[in-house]
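Spelled out from the first residue to the last, the chains are:
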Amino acid sequence: MTRRVVLALLAAFLLVGTAGQAQAAGYRYWSFWDRDGGKWVYATQGPSLVRPSDGDVQGFRFAVSENSDDAAQPRGTADFASICAKTPAEDGSKRVALVLDFGTASDAPSDEAPPAPSTACARVSPDATTADALAAVADPLRYDTNALLCAIAGYPKTGCGEQVAQGQEKQGTTATPQQAAPEQKDTSDDGGPSVGLIAGTAVIAALAAAGAWQARRRRNATR
């Protein structure tokens, strides 16, 4: 095996190693969360279906993520008592504490800057959904034709669940995270070796073979 072949294999390994990173993609969207004690739990239903109880804390976070497994949580530690401290209970209504995290500049669409994170206490009717509570304190809201929440308090101005290549957060094409995110899950830890590991092993073996060949060549030349 010549040095040229070894170098070619090494170049192929580097290309394989970087290809997975180049193809990795996320989705820029508002994720919805429930506060369970001291932790956030990714909501299993959309805000238009959930009917929170008086005293519940729910959060929204705008960010780029591949799927629900790596979605960014709302920041801050505000609880119901602090968010709704100035909103006393009233008969015939319920209070829902909302945490609104507009994300970071790296997650923002082009030419937009995220507002500062905020909290709000929504007083709504007993049968109101989270979407109703959100509309009461964070208008204007924007939804797409599939009822996906696209904007809270007018942010962002455009876009809805668009796909964004890693390292190119300011670009992307429209796609909903519900449709595509499950296919983005990394399966390299599911028990089988990754492509990068296989390629790396092949390169190491090639280098070892090349070294042995060079050694035999030197020994033959001295005889």
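In what follows, the structure referred to is the one given above.
The rules behind the values
- The numbering scheme is per chain: residues are counted from 1 as the chain's sequence reads.
- A pLDDT threshold of at least 70 governs which residues receive local features in this predicted model, and a stricter bar of 80 or more applies before side-chain atom pairs are shown or counted, although totals over entire chains, interfaces and linings include all residues.
- The side-chain figures draw on all heavy atoms in the structure; neither hydrogens nor water molecules are used.
- Only DSSP runs of H or I covering at least 4 residues are called helices, and only runs of E covering at least 2 are called strands; the numbering of each starts at the N terminus.
- Relative accessible area decides the class of each residue, using a 1.4 Å probe on protein chains only: under 20% of the type maximum gives buried, over 50% gives exposed, and in between gives partly exposed.
- Remark: nonpolar core denotes a set of buried residues (Ala, Val, Leu, Ile, Met, Phe, Trp, Tyr, Cys) joined through side-chain atoms within 4.5 Å.

Asks: How do you make sense of unusual backbone geometry when you look at a structure like this?
Replies: Peptide bonds are mostly trans, and most non-glycine residues show a negative phi. A cis geometry characterises the amide bond from D139 onward to P140, with omega recorded as -5°. Looking at the element boundaries, P140 is found in the loop between helix 3 (130–137) and strand 6 (142–143). Across the junction of Y155 and P156, the peptide omega takes the value -5°, indicating a cis bond. Structurally, P156 can be placed in the loop between strand 7 (149–151) and strand 8 (162–165). Even without being a glycine, D111 presents a positive backbone phi close to 65°. Along the polypeptide, D111 turns up in the loop between strand 4 (94–101) and strand 5 (118–124). Residues other than glycine seldom take positive phi values, yet A153 does so here, at roughly 55°. Of note, A153 is situated in the loop between strand 7 and strand 8. On the accessibility criterion, A153 (38% relative accessible area) is partly exposed.

Asks: Looking at this structure, I do not really get the nonpolar core. What am I missing?
Replies: For soluble globular proteins, the rule of thumb is that nonpolar side chains tend to be buried together. Within the largest apolar cluster, 21 residues are counted, with the highest numbers of intra-cluster contacts made by W30, F60, L98, L100, L134 and I152. Top contributing element to this core by residue count: strand 4, with three residues.

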